[in-house]
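Architecture at a glance
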Amino acid sequence: MEQLIALMNTMLSGFIAILPNILAALIVLLFGLVLGRVLGRISEEIAVRSKIDKWISQKNHITFNVSSVANVIVRWVVYLVFIEQAAIFLGIAAVQSFISSIIGFIPGLIGAGIIIIVGYAIAIYMKERIITGKTMYSSIVGKIVFFLLLYFSICLLYTSDAADEEDSVDLGGRRIIK
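In this text the structure is predicted, and so the values were computed from the model without any measurement.

1. A few points about the overall build of the chain
Of the regular secondary structure elements, the chain holds five helices and two strands. For the chain, the proportion of its 178 residues judged to be buried stands at 19%.

2. Let's talk about the packing of aromatic side chains
Taken as a whole and judged by the stated rule, the model has five aromatic pairs. Aromatic pair Phe 146 and Phe 147: ring centres 5.1 Å apart, planes at 75 degrees, arrangement edge-to-face. For Phe 147, a relative accessible area of 53% puts it in the exposed group. Centroid distance Tyr 151 to Phe 152: 6.0 Å. Interplanar angle 55 degrees. Geometry classified as tilted. A network of ring pairs unites the aromatic residues Tyr 120, Phe 146 and Phe 147 as a single cluster.

3. Here's the deal with helix 4 (residues 93-131)
The first and last C-alpha atoms of helix 4 sit 57 Å apart over 39 residues, in line with the 57 Å expected at 1.5 Å per residue. Every buried residue belonging to helix 4 is among Ile 99, Ile 106, Gly 119, Ala 123 and Ile 124, and all of these are buried.

4. Considerations on the nonpolar core
Counting five residues, the largest nonpolar core consists of Ala 25, Val 28, Val 78, Phe 82 and Ala 86. In contact with Val 28, other than residues within four places in its own chain, are Phe 82, Gln 85, Ala 86 and Phe 89.

5. Notes on the packing of helix 1 (residues 2-49) against helix 3 (residues 66-90)
One way to put it is that helix 1 packs onto helix 3 with a least axis distance of 7 Å and a crossing angle of 165 degrees. On the basis of the axis angle, helix 1 is roughly antiparallel to helix 3. Crossing angle aside, the handedness with which helix 1 passes helix 3 is right-handed. Considering only residue class, the contact of helix 1 with helix 3 consists of 20 nonpolar, nine polar and four charged.

6. Remarks on the pattern of salt bridges
Across all of its chains, the model carries three salt bridges by this definition. With its nearest N and O atoms 3.3 Å apart, the salt bridge here joins Glu 45 to Arg 41. Linking Glu 45 with Arg 41, this pair stays in helix 1, spanning four residues, or about one helical turn. According to the relative accessible area criterion, Glu 45 is partly exposed, its value standing at 26%. You can call Arg 41 partly exposed: its relative accessible area is 44%. Across the pair Glu 45 and Arg 49 runs a salt bridge, and its minimum N-O distance is 3.1 Å. With a gap of four residues between them, Glu 45 and Arg 49 both fall in helix 1, about one helical turn apart. Through salt bridges with shared partners, a single ionic network connects Arg 41, Glu 44, Glu 45 and Arg 49.

7. Observations concerning the environment of Gly 142
Topologically, Gly 142 is positioned in helix 5 (residues 138-160). Considered as a pair, Gly 142 and Ile 131 are 11 residues apart in the sequence and their alpha carbons are 5.7 Å apart. With residues near it in sequence (within four places) discarded, Gly 142 still touches Lys 127, Ile 130 and Ile 131.

8. Points about the packing of helix 3 against helix 4
Two elements in contact, helix 3 and helix 4, have axes separated by 8 Å at closest approach and are oriented at 155 degrees. In terms of orientation, helix 3 lies roughly antiparallel with respect to helix 4. Seen from above, helix 3 lies across helix 4 with left-handed handedness. Residue-level inspection shows Ile 73, Val 77, Leu 80, Val 81, Ile 83, Glu 84, Ala 87 and Ile 88 of helix 3 in contact with helix 4, the latter providing Val 95, Gln 96, Ile 99, Ser 100, Ile 102, Ile 103, Ile 106 and Ile 110. Looking at side-chain class alone, the contact of helix 3 with helix 4 contains 13 nonpolar, two polar and one charged residues.

Cut-offs and rules
Residues numbered from 1 in each chain as written. Predicted model: local features only at pLDDT ≥ 70, side-chain atom pairs only at ≥ 80, totals over all residues. Heavy atoms only, no water. Helix = DSSP H or I, 4+ residues; strand = E, 2+ residues; numbered from the N terminus. Buried < 20%, exposed > 50% of the residue type's maximum accessible area, 1.4 Å probe, protein only. Phe/Tyr/Trp six-rings, centres within 6.5 Å; stacked < 30°, edge-to-face > 60°. Expected span 1.5 Å × (residues − 1). Core = buried A, V, L, I, M, F, W, Y, C linked by side-chain atoms within 4.5 Å. Contact = heavy atoms within 4.5 Å. Axes fitted to C-alpha atoms, helices over the stretch in contact; angles between N-to-C directions. Parallel < 35°, antiparallel > 145°, perpendicular 65-115°, else oblique. Left-handed = near helix turned anticlockwise from the far one by under 90°. Nonpolar A, V, L, I, M, F, W, Y, C, P; charged D, E, K, R; others polar. Salt bridge = Lys/Arg side-chain N within 4 Å of Asp/Glu carboxyl O.

Quick look at the structure:
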């Protein structure tokens, strides 16, 4: 019975020792939740007021709201930063490292999205310009140019990746490890 009481005292003292860290982590998480929602809403409002949704979906080529995407991205970046901080308070190194790697991945993901969207917009513009020329085979040539430009934008994603890696060299889309 004495061993059980000693074990319970050890557990209770351990819990009391970590209680301030748990409270700090909860406060950080709540603050991150509120700040994420506010900043997400602000980014959505900026995108709505700049009329970027109307500009992008002007000719019904892209059917998603950039303002909603901006809201989600900003909210989750803020959430992840505060989750990482809460993991630091709690001393959970594995979670902190995992969240840190996710946060490091997000800029590349956003850059890839921008490259694809700009490549798509340029491809649509060139296709429409060629098709409105009303020359022989303009429809087929316009479609070929469209798909080639999409292909080039995807290739740009592949080759732009190498600039971020310090242990490899990019030679025409082919990585050589040093």
